[in-house]
Amino acid sequence: RYLLVCGYFFMPALRGAPMLAFLHKARRAGVTVIFDTGWDLDDWPAATRQEVLSLLPAVDIFAPNEDEARALTGLSDPAACAQTLLAHGAGAIALKLGPNGSLWADAAGRVLQPGHAVRAVDTTGAGDSFNAAFIYGREQGWEKARCLAFANAFCSVVVSRLHDRFPSAEEALALSKGAKRDVGEIP
């Protein structure tokens, strides 16, 4: 039901046209495509930015972190980054804001979910954990704000532990219950 493509820059044979064909094939098969490029080790030259932006029309949910969104758009405000990425054709944006939480944006508006104050000891896998937790929430049939709150809570546990890093769904749910949401229109 879902195809999560992450680590784009570590798959050189699939970059550009091959990835575009792959994403289109998945969508034709009825799969929800989630795309998380990761950081470009070449620091986002213009050609790479254009390459990634050209893939967005074949993506249902684009899930960059804040630094990646800023590099792609040249903008600093997360909501403006999300709006620009939507304008390039992504169906929706699930923007990871680190300790500031996450932002969902689509044609209907946006949902901002705050993060959790934790002492980050190891951020390895934070984005991947967010993606997995977000998909888990969608599979439960939760609305977007609850999916974001759960993913934020899950990630906050992952980054705050050196050992036994991955919480149970129950632990992440308990932590996510206190999260607030701000729903609004995208200007």
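Check the entry above for the structure.
What comes next concerns the included structure. Keep in mind the model is a prediction, meaning the values are calculated, not measured. (Residues numbered from 1 in each chain as written. Predicted model: local features only at pLDDT ≥ 70, side-chain atom pairs only at ≥ 80, totals over all residues. Heavy atoms only, no water.)

Locating N65 in the fold gives a position in the loop between β3 (61-62) and α3 (66-73). With relative accessibility at 28%, the residue N65 sits in the partly exposed group. A sequence separation of 33 residues divides N65 from G98, and the C-alpha atoms of the two residues are 7.5 Å apart. When neighbours within four sequence positions are excluded, N65 is seen to be in contact with L95 and K96. (Helix = DSSP H or I, 4+ residues; strand = E, 2+ residues; numbered from the N terminus. Buried < 20%, exposed > 50% of the residue type's maximum accessible area, 1.4 Å probe, protein only. Contact = heavy atoms within 4.5 Å.)

Counting buried positions over the five residues of strand β4 (residues 92-96) gives five, a clear majority of the element. With burial as the criterion, each face of β4 is covered, one bearing A92, A94 and K96 and the other bearing I93 and L95. Pairing geometry for β4 and strand β5 (residues 102-106), over five bridges, is antiparallel. Paired with I93 across the bridge in β5 is A105. The antiparallel hairpin formed by β4 and β5 contains five residues in its connecting segment, where G98 sits at a positive phi of about 60°. (Pairing = 2+ DSSP bridges.)

On to a nonpolar patch on the surface. Taken together, F10, W39 and L41 make up a surface patch of nonpolar side chains, about 380 Å² in accessible area. With respect to the helices, strands and loops of the structure, L41 is situated in the loop between β2 (32-36) and α2 (46-55). (Patch = residues over 30% accessible without salt bridge, like charges linked within 9 Å, V, L, I, M, F, W, Y side chains within 5 Å. Areas by Shrake-Rupley, 256 points an atom, 1.4 Å probe, with all protein chains shown as cover. Salt bridge = Lys/Arg side-chain N within 4 Å of Asp/Glu carboxyl O.)

So, on to the side chain of S102. Along the polypeptide, S102 turns up in strand β5. Judged by relative accessible area, which is 0%, S102 ranks as buried. At 3.0 Å, the side chain of S102 forms a polar contact with the side chain of N152. Not counting residues up to four positions away in its chain, the partners in contact with S102 are L95, L97, V111, L112, Q113, F130, L148 and N152. (Polar contact = N/O pair within 3.5 Å; in protein donor to acceptor, adjacent residues only side chain to side chain.)

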